[in-house]
Amino acid sequence: LPTNVRATHTKLNSLGAIVECEATLCFPGGGRAVIDTSCLLPHRSQFEVVCEKGVLKVDDLVGGQGRSGNFGAYDAPFVGSSSFVVGDYLGKDKMVQVEPCDHVKSLVTEFSNCVQTVKEGGKINMEWSKRSLVTHTIMCAIFESAMRGGVNIELKGESDNEATQYVIEGETFNDIPTRIWNK
């Protein structure tokens, strides 16, 4: 879980909906993540993780891999990405070929298997609830920062995967405070 979240750029449409948002997440130990989303800019469907010793880049999540213009994934079953790039700290990249898979379908299958395990009397896999809460917390913090003009949202908690307090403009909250933004 990041310690700080800040929306660094936000653009709203005429109805007040966010149509572009860039945010920076700061993690313990100095790690950072930058999220860039937009429904106005050219189609981008990739992610890149940059660390001290190298980079991991996946170019295709929903189609149009490599800016090819091939968006067949929107018209037919998506087979998923078939490669990713691993780069070392010197900048040398290596393309790694993998069996294509639909990431969403794989996650749904995994989740369904977890539910079936519980139905059959097995143990609950708490990883799913942790992931859901962390994702929801980060999304809410980005939204609040964006709607407040890019203020810093500090996330505090007793563990690395649970925020129990939010500090916004010097005020501490025990839950993410949401305003009625359409008024």
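Scroll up for the structure.
Thresholds, definitions, all that
- Residues numbered from 1 in each chain as written.
- Predicted model: local features only at pLDDT ≥ 70, side-chain atom pairs only at ≥ 80, totals over all residues.
- Heavy atoms only, no water.
- Pairing = 2+ DSSP bridges.
- Helix = DSSP H or I, 4+ residues; strand = E, 2+ residues; numbered from the N terminus.
- Salt bridge = Lys/Arg side-chain N within 4 Å of Asp/Glu carboxyl O.
- Buried < 20%, exposed > 50% of the residue type's maximum accessible area, 1.4 Å probe, protein only.

**Student:** Would you mind showing me how to read the pairing of strand β5 (residues 54-58) here?
**Tutor:** Sheet faces and side chains relate simply in a regular strand, where the side chains alternate between the two faces. Here strand β4 (residues 47-51) pairs with β5 via five bridges, running antiparallel. Bridge pairing links V49 to L56 in β5. Hairpin connection of β4 to β5: two residues between the antiparallel strands. Bridge analysis of β5 against strand β6 (residues 81-88) gives four bridges, and the strand direction is antiparallel. Bridge pairing in β6 places K57 opposite V85.

**Student:** Explain the pattern of salt bridges here, please?
**Tutor:** Should the charged atoms of two oppositely charged side chains come close, the side chains can pair. In total, this model carries two salt bridges according to the counting rule given. Note that E127 is salt-bridged to R131, the shortest N-O span being 3.8 Å. Here E127 pairs with R131, and both are found in helix α2 (residues 127-147), just four residues apart, close to one helical turn. The partly exposed category is assigned to R131, whose relative accessible area is 43%. Between R148 and E144 there is a salt bridge, with its nearest N and O atoms 3.1 Å apart.

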